[in-house]
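Here is how the chains run, residue by residue.
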Amino acid sequence: MKITVQSIHFSADKNLLAFIQKKADKLDTFFDNIINGEVYLKLENVEDEANKIAEIKLHLPGNTMFAKEQCKTFEEATDLAIESLRKQIAKHKTKKEIAAQEVRKAVLTSTDEEDDF
């Protein structure tokens, strides 16, 4: 999967970019139809230590998923956002499977009704 990383108001080092790519690639094991992803890394100007924000947007066929996390490190924020997206993907797959089963039932029912005539 192709991931675009944009770091806003700072430049991310290679290790952070590699970490993000590695974590995002794991999402392919849950759903292999991910078109691409966008990651936005932001530093918020606050007194709190948890001032690092990771926003991840995934583009799927017919759907877009989004997760935003704020933590002390970009790695931690990325981990939490990826976990949130993993849950969203699982829910999306479940909904698609249920819809496919309902279509199959409708087709079988209409075929059975035609056979009765």
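Structural data are supplied above this passage.
Residues numbered from 1 in each chain as written. Predicted model: local features only at pLDDT ≥ 70, side-chain atom pairs only at ≥ 80, totals over all residues. Heavy atoms only, no water.

S.K.: Kindly report on the overall build of the protein, identifying the contributing residues and their values.
M.R.: Within the protein one finds 2 helices and 4 strands. Ordered by position in the sequence, the α and β elements of the protein form the string β-α-β-β-β-α. For the protein, whose C-alpha radius of gyration is 20 Å, the value lies well above the compact-globule estimate of 13 Å for 117 residues. Overall, the protein is about 75 × 25 × 20 Å in size when its C-alpha atoms are taken along their principal axes. The long-range fraction of contacts in the protein, counting pairs at least 24 apart against all pairs at least 6 apart in sequence, stands at 49%. Carbon and sulfur atoms provide 51% of the accessible area of the protein, an area that totals close to 7,800 Å². (Helix = DSSP H or I, 4+ residues; strand = E, 2+ residues; numbered from the N terminus. Rg over C-alpha atoms; globule rule 2.2 N^0.38 Å. Contact = heavy atoms within 4.5 Å. Areas by Shrake-Rupley, 256 points an atom, 1.4 Å probe, with all protein chains shown as cover.)

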